[in-house]
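Next come the chains, spelled out residue by residue.
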Amino acid sequence: MTISALVRGLCDDAALFPPGNAAIGEAVPAHFVHQSSDHAALVGPFVFPAPRLGELPVILAATDGRLELSLTVPGGTAAVPGALEQLRGIDDVQLVALEIAVPGGQTPDELFAALDEIASTAPDVDIFVEVPRDDRRAEILSHLASTPYAAKFRTGGIVATAYPDEAELAAAIHAVVGAGVRFKGTAGLHHAVRNTDPHTGFEQHGFLNVMLATHRAVDGAGVDDIAATLADRDGTSLARELAGLSAEAVEALRATFRSFGTCSISDPLTELVGLGLVPQASTEPSALVGSVDSTSTEEGPHV
């Protein structure tokens, strides 16, 4: 199967996180199956929470493969040195990214001083800052523009207030594109297209909406136009416009919107196939391993 540049590496494997909350003993082997499948090029690194690093050696000892890891650090920059030290003692792991939360009370100056120290001890590791939704956001985004670090935006969760509306997300996308800052999304992007969850009533962003909104922002669209794109529920139209982008436009889009964390690789794969953006996937069970009910609201660690 040929995975186009538009969606290559789009889906980070966050199977351990809500709403999937997969057992680690199932999630890690399933990730290796995805990596050896026809749709392997769609799949990014395995997203893992730093507080659970102690569980990893036992699981890896029972598998055969090297795990590319994007490590989430909910404790913020202060928790990163300890996590890196713990990782050094774990074989068959390659750290490719850090996703670092910003605790309440940490000033932007303190944050970036700590990030620079972390970067000096973890070269060649992508660093994503989970930009808080408070009065520090504008200053942090502005500062990111002069650094090699990227932004991480929370686009949902297990409660309605975790979902930014289209105006808030549009402003964030407009800001990072204007500043030349890369970003990834996390949580809430359960479907390709904007939708209302039938079980919870939550308004959920679509990952294709985010992709097209990013393209339009790169092309000079304002916040209102970006917000309208995020609100669009016509999946056929979204997919058609994305499929028609030039190679240069795709490169610019994916250089900005890097990926999103998903608790089920099979869900976005199935929807991308249905919309014609990925060739028909194998119908073998291994192609859809790790499928979960993405409407669940069970509590668990946050990606």
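Things to note about the overall build of the chain
Then, in step 1: Regarding its fold elements, the chain presents 11 helices and 10 strands.
Then, in step 2: With respect to the principal axes defined by its C-alpha atoms, the chain has extents near 50 × 50 × 40 Å.
Then, in step 3: Split into buried and exposed, the 303 residues of the chain put 53% on the buried side.
Then, in step 4: Restricting to contacts in the chain with at least 6 residues of sequence separation, those with at least 24 account for 73%.

Some words on the pattern of salt bridges
Then, in step 1: One pass over the structure, following the stated rule, counts 14 salt bridges.
Then, in step 2: Salt-bridge contacts for Glu-203 lead to Arg-233; the nearest nitrogen and oxygen are separated by 2.4 Å. With a gap of 30 residues between them, Glu-203 in strand β9 (residues 203-204) and Arg-233 in the loop between α8 (223-231) and α9 (235-243) connect regions that are remote in the sequence.
Then, in step 3: Accessibility expressed as a relative area gives 45% for Arg-233, which makes it partly exposed.

Quick word on unusual backbone geometry
Then, in step 1: In this model, Pro-18 is joined to Pro-19 through a cis peptide bond whose omega is 0°.
Then, in step 2: Summarising the element assignment, Pro-19 is placed in the loop between β1 (11-13) and α1 (24-35).
Then, in step 3: In the Ramachandran plot, Asp-124 falls in the positive-phi region, its phi being about 65° despite a non-glycine side chain.
Then, in step 4: Positionally, Asp-124 belongs in the loop between α4 (108-121) and β5 (126-130).

Here's the deal with the sheet that holds β1
Then, in step 1: The sheet built from 8 strands closes into a barrel, its strands ordered β1-β2-β3-β4-β5-β6-β7-β10 with parallel pairing. Strand after strand, the sheet turns through a mean of 30° between neighbouring axes, direction not considered.
Then, in step 2: Note: strand β7 (residues 183-186) against strand β10 (residues 257-262), 4 bridges, orientation parallel. When the sheet's bridge partners are listed, Lys-184 is paired in β10 with Ser-259.
Then, in step 3: Lying on the sheet, α4 is in contact with β4 (93-101) and β5; it crosses β5 at an angle near 160°.

As for the packing of aromatic side chains
Then, in step 1: Throughout the structure, instances matching the rule amount to 5 aromatic pairs.
Then, in step 2: The interplanar angle of 40° and the centroid separation of 6.4 Å between the aromatic rings of Phe-46 and Phe-48 together place this pair among those described as tilted. In this pair, the class of Phe-46 matches that of Phe-48, namely buried.
Then, in step 3: Ring centres 5.7 Å apart and planes at 50° place the aromatic pair Phe-153 and Phe-183 in the tilted group. In this pair, Phe-153 sits in strand β6 (residues 150-154) while Phe-183 sits in strand β7, placing the two residues 30 residues apart along the sequence. Accessibility assignment for this pair places Phe-153 and Phe-183 in one class, buried.

Focus on the nonpolar core
Then, in step 1: Grouped together as the largest cluster of nonpolar side chains are 89 residues, with contacts concentrated most on Leu-56, Leu-69, Leu-71, Leu-98, Leu-144 and Ile-173.
Then, in step 2: Considering every element that reaches this core, the biggest residue donor is helix α7 (residues 207-218), with 7 residues.
Then, in step 3: Setting aside chain neighbours within four positions, we find Leu-56 in contact with Ile-24, Phe-48, Leu-67, Leu-69, Ile-90 and Val-93.

Rules of the game
Residues numbered from 1 in each chain as written. Predicted model: local features only at pLDDT ≥ 70, side-chain atom pairs only at ≥ 80, totals over all residues. Heavy atoms only, no water. Helix = DSSP H or I, 4+ residues; strand = E, 2+ residues; numbered from the N terminus. Buried < 20%, exposed > 50% of the residue type's maximum accessible area, 1.4 Å probe, protein only. Contact = heavy atoms within 4.5 Å. Salt bridge = Lys/Arg side-chain N within 4 Å of Asp/Glu carboxyl O. Pairing = 2+ DSSP bridges. Axes fitted to C-alpha atoms, helices over the stretch in contact; angles between N-to-C directions. Phe/Tyr/Trp six-rings, centres within 6.5 Å; stacked < 30°, edge-to-face > 60°. Core = buried A, V, L, I, M, F, W, Y, C linked by side-chain atoms within 4.5 Å.

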